[in-house]
Amino acid sequence: MCSSHYASRSDWPNATEPQGRGRRTIEVTRITRRGVAMAATPRRVAVVGAGMVGLSTAWFLQEHGAEVTVFDRRDVAAGASWGNAGWLTPGLATPLPEPAVLSYGVRAVLSPSSPVYVPPSANPRLLRFLAGFARHSTAARWRRAMESLVPINGRALPSFDALLDGGVKAETNEAGSFVAAYRTAGERRVLLEEIEHIRAAGQELEYEALTGDEARLLVPALSDEIGAAIVLRGQRFVDPGAFVHALADSVRHRGGKIRTGAEVTDIGHQRGSVSVRTTGSDSEKFDTVVLASGVWLGDLARAFGVHSLVQAGRGYSFSVPMDRVPDGPVYFPAQRVACTPLGDRLRVAGMMEFRSPGAPLDPRRVKAIVEAARPLLRGADLDAREDEWVGSRPCTRDGLPLIGATRSPRVFVAGGHGMWGITLGPATGRLLAEQIVTGCRPRELDPFDPLR
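The text that follows walks through the structure, step by step, so that each part is easy to find. (Residues numbered from 1 in each chain as written. Predicted model: local features only at pLDDT ≥ 70, side-chain atom pairs only at ≥ 80, totals over all residues. Heavy atoms only, no water.)

## Structural notes on the environment of arginine 254
Within the secondary structure layout, arginine 254 lies in the loop between α10 (240–253) and β14 (257–259). Residue arginine 254 is classed as partly exposed on the basis of its relative accessible area of 28%. Arginine 254 sits 87 residues away from glycine 167 along the chain, and the two C-alpha atoms are 9.9 Å apart. When residues no more than four places from it in sequence are discounted, the contact partners of arginine 254 are Trp59, Gln62, Glu63 and Gly166. Among the polar contacts listed, one links the side chain of arginine 254 to the side chain of glutamate 63, at a separation of 3.0 Å. (Helix = DSSP H or I, 4+ residues; strand = E, 2+ residues; numbered from the N terminus. Buried < 20%, exposed > 50% of the residue type's maximum accessible area, 1.4 Å probe, protein only. Contact = heavy atoms within 4.5 Å. Polar contact = N/O pair within 3.5 Å; in protein donor to acceptor, adjacent residues only side chain to side chain.)

Structure follows, in structure tokens:
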């Protein structure tokens, strides 16, 4: 429950209130239990970031009647929203800092072929992030973080359905054969144990353990090296780039503006409004601003009390032709390689590279994914790659996103989802829009306070 009350203040949008025989105009604000003044329902909202999270927030704000303008430094879905695996897997949306990360060791993470890579020239900021990341990679902290994610995970798929029911011209695909494949049953024990921990935290997840032969009946593209597998039920997948572009089209169709090639350089909080300035342009005034700019979130949010580090965890992908494209996603957890059917090709994705988001694509990472996947897939022409891509996932040290209000009652943030920005983007936008227009933080967002 969120309680609020109203108090006079002269810098918020007008409202009316009965007074004697007539009505008088007053200025209102909601005072939350934290004592932070919240504006009455904003009419004009700026959203910084045209990825899944930012556009979902814009779309659900429109559901509440807000006029939205979305700014992006590049283009719609130009960042991590485009080339990722496109999984809608709330059953697997778990904290990135986990005990298994600590088992890699220094020599492993410095290897260009490692699924988790840290460059030897890491700067002090990255080292500070990694130290905090390691502190949260314990079983106890993972369990607490997992429990924090369960409520928002439960809103993930219904929020996609709300977008589709509301007119977004896209589709989600049921993953009837979402298979995690291993060479041996011994390797598989790691995920089986993690699934039990996920379920113990309250997350629903149906699964079945399979032999290698049983897995090949579901996914003929698995090679004979696969000796054990797990099939997960109730998950979905999308073509992430196509979905986000359809979402952008819907925002525009409903009257929203999307300004691409518009890098936001400054957010100013004035009496009665907040201003947004972009490169080479004058500032514009809005009632509220939402910062959903991925790995660049901290650049603007820091001035409003958000001091959590958001680090680029870069992922790589490419697509290849296949003799027979699988009906659903295939995951090789031991190799950290994710495969998703997109039309007549298979997208192959992997890597967690802690590096500057502006660094160029490193061919060694692509080669490492190819070498990991080649012996496990058959019928895939891994030398006929197209769409080689690198994108930066916004990661936090504790593995939890930053969603909610800042020290400014007019500035909100939504980011830091790590690998789960596609899965949790619509749920994030739906819940944050509710908080912005009502002044009440939904309970699902309690663990994700950006000021924590």
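On we go.
## Overview of the sheet that holds strand β15 (residues 264–270)
A sheet is described by the order of its strands in space; here 3 strands give the open sequence β15-β16-β17, paired in antiparallel fashion. Looking at which strands have only one partner, the edges of the open sheet turn out to be β15 and β17 (284–286). The average undirected angle you get between the axes of adjacent strands in this sheet is 25°. (Pairing = 2+ DSSP bridges. Axes fitted to C-alpha atoms, helices over the stretch in contact; angles between N-to-C directions.)

## Quick notes on empty space enclosed by the protein
Scanning the entire structure with this criterion turns up 3 cavities of 30 Å³ or more. Lining the largest cavity are Thr94, Pro95, Leu96, Cys395, Thr396, Gly399, Leu400, Gly416, His417, Gly418, Met419 and Trp420. When its residues are assigned to classes, the lining of the largest cavity shows 6 nonpolar, 6 polar and no charged. (1 Å grid on protein atoms, 1.4 Å probe; cavity = no way out; pocket = protein on both sides within 12 Å on 5 of 7 lines; lining within 4 Å. Points joined across faces, edges and corners; volume = space filled by probe spheres on them. Nonpolar A, V, L, I, M, F, W, Y, C, P; charged D, E, K, R; others polar.)

## A look at the sheet that holds strand β18 (residues 288–291)
Overall, mixed pairing links the 6 strands, which are arranged β14-β6-β5-β18-β25-β24 in an open sheet. Two strands lie at the open edges of the sheet, namely β14 and β24 (402–405), each paired on one side alone. On average, adjacent strands in this sheet sit at an angle of 20° to one another, irrespective of strand direction. In terms of strand pairing, strand β5 (residues 44–48) meets β18 through 4 bridges, oriented parallel. Residue pairing in the sheet places alanine 46 in a bridge with valine 289 of β18. Relative to strand β6 (residues 67–71), helix α1 (residues 52–63) is tilted by about 170°, and along the sheet it contacts β5, β6, β14, β18 and β25 (411–415).

## Some thoughts on the pattern of salt bridges
Once their charged atoms are close, side chains differing in charge can pair, the charge on each being opposite to the other. Within this structure, the stated rule accounts for 27 salt bridges. Two residues, arginine 355 and aspartate 362, come together in a salt bridge whose shortest N-O distance is 3.6 Å. Of the residues examined, aspartate 362 reaches a relative accessible area of 8% and is grouped as buried. Residues arginine 364 and aspartate 362 are paired through a salt bridge, measuring 2.9 Å at the closest nitrogen-oxygen approach. (Salt bridge = Lys/Arg side-chain N within 4 Å of Asp/Glu carboxyl O.)

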